[in-house]
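# Geometric and topological summary
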Amino acid sequence: MRKMIYLFFSIIILPVILYSNEPKFQKSLEQEFDDVIMYYAACKKQSFENVKGHMLARKQKYASTLSSVDEIIKNCKKNNKKDEEDLFLDLKITFDFLKKKMGIAREVDLVFCDDPSLQGPCGSLMSYDLHDRMVYIHQNFWDLSPTNIVFTMIHELTHAQQHMRKGSVNFIIEGKDKAYRAQIEREADINAAQIVNCPLCLKVVLAHRLSEEALSTDHQNEKFRKLGYLTSDQLRNYLQQKSLINLCKVHKHFEDPDVWLGLDTQQGREMIDQEDYEGTIFDRVL
Ligand SMILES: [Zn+2]
Ligand SMILES: [Zn+2]
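Source: prediction; values computed, not measured. (Residues numbered from 1 in each chain as written. Chains lettered and ligands numbered in written order. Predicted model: local features only at pLDDT ≥ 70, side-chain atom pairs only at ≥ 80, totals over all residues.)

## Looking at the overall build of the protein chain
Across its full length, the protein chain holds 14 helices and four strands. By residue count, 27% of the 286 residues in the protein chain fall in the buried class. When contacts within the protein chain are restricted to residue pairs at least 6 apart in sequence, long-range pairs at least 24 apart make up 72% of them. (Helix = DSSP H or I, 4+ residues; strand = E, 2+ residues; numbered from the N terminus. Buried ≥ 20, exposed ≤ 12 C-beta atoms within 10 Å, placed from the backbone. Contact = placed C-beta atoms within 7 Å.)

Dropping the structure here:
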């Protein structure tokens, strides 16, 4: 009898409890897809079927350039590509961990986009696609250092949070407004600056932004700021709130983290460039 109760609990009750606590989108993927088609059909004064055809054709066009990171890991295993497998596994573990931490629905997937032209669905190193509920990474994405990968991943996952909160049609409508778009980018950057708890990790992000700003014209930097992204000065404010108690697993064993605070010196920057490649990506979120 006791066995039966255990069995009942584990098969019926436990999944119900676990499932009901899981973060979810307000509507299913299919429902939202129909909502979006209906919205575009009304905007363009076209039929539902016509718009649906266009959207499905677009999906079809890029389908061959997209592969789920889970699938990549499986293939690496099969073909004995250990180094590549480790890279993607590290990325996936970090992604799943952050998703859970940020209360994001399990279905949001990490997808690799192998489109060398950058013309496809992912027009940048990393992006969130609300139609497919996916975070895309582009092949050049590996140019980012492990710490900048964490920061960018949190930024993109914040867009998934915003999508869950608003629903896709509202997200699209509000996204047409420049000021609102800046607000969502600002929220994503602020979220990342807050979640990255390790001061040295945030320093790496700051160093990256400083070098980007140095390479850009004043006009480009002003445009970047207007798009809502945090500038180096604003990132510095978040850095000041971090405590050395919260060093991540990579930076914990550094003998003299204070030396790193000399970020604006050539030596400080070189140290950051070199040391940021230690450990795994996941070591930076623990
Ligand atoms: Zn963004
Ligand atoms: Zn760190």
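## A short note on the nonpolar core
In terms of nonpolar packing, the biggest core is built from 45 residues, with Val135, Val150, Val196, Cys201, Leu202 and Val205 touching the most fellow members. Sorting the residues of this core by element identifies helix 5 (82-101), strand 2 (109-113), strand 3 (126-129), strand 4 (134-138), helix 6 (146-166), helix 8 (178-195), helix 9 (199-215) and helix 11 (232-240) as the ones contributing at least two each. Aside from chain neighbours lying at most four places away, what touches Val135 is Val108, Leu110, Met126, Tyr128, Glu156 and Leu157. (Core = buried A, V, L, I, M, F, W, Y, C linked by C-beta atoms within 7 Å.)

## Topic: the packing of helix 6 against helix 9
Taken N-terminus to C-terminus, the directions of helix 6 and helix 9 make an angle of 90°; their axes are 9 Å apart at the nearest point. Of the possible angle classes, the one that applies to helix 6 and helix 9 is roughly perpendicular. Together, Thr147, Asn148, Val150 and Phe151 of helix 6 and Cys201, Val204, Val205 and His208 of helix 9 make up the contact between the two elements. The residue makeup of the contact of helix 6 with helix 9, split by class, is five nonpolar, three polar and no charged. (Axes fitted to C-alpha atoms, helices over the stretch in contact; angles between N-to-C directions. Parallel < 35°, antiparallel > 145°, perpendicular 65-115°, else oblique. Nonpolar A, V, L, I, M, F, W, Y, C, P; charged D, E, K, R; others polar.)

## Notes on unusual backbone geometry
The residue Lys45 is not glycine, and still its phi comes out positive at about 55°. Take Lys45: it is sitting in the loop between helix 2 (29-44) and helix 3 (48-63). Note on Lys45: 6 C-beta atoms within 10 Å, which makes it exposed. Positive phi, normally seen in glycine, also occurs at Arg133, with a value near 55°. Relative to the helices and strands, Arg133 resides in the loop between strand 3 and strand 4.

## Regarding the packing of helix 2 against helix 7 (residues 168-175)
It is at 9 Å that the axes of helix 2 and helix 7 come closest, and there the two elements cross at 40°. For the element pair helix 2 / helix 7, the angle class is oblique. Contacts between helix 2 and helix 7 pair Glu32, Asp35, Val36 and Tyr39 from the former with Ser168, Val169 and Ile172 from the latter.

## Observations concerning the sheet that holds strand 1 (residues 66-68)
Pairing in this open sheet of four strands is mixed, and the strands run 1-2-4-3 from one edge to the other. Of all the strands in the sheet, just strand 1 and strand 3 have a single pairing partner and so form its edges. Averaged over all pairs of adjacent strands, the angle between their axes in this sheet comes to 30°, without regard to strand direction. Summarising the sheet, strand 3 and strand 4 pair through four bridges and their orientation is antiparallel. Across the sheet, Ser127 pairs through a bridge with Tyr136, a residue of strand 4. Across the sheet, helix 6 touches strand 3 and strand 4, and the angle it forms with strand 3 is around 10°. (Pairing = 2+ DSSP bridges.)

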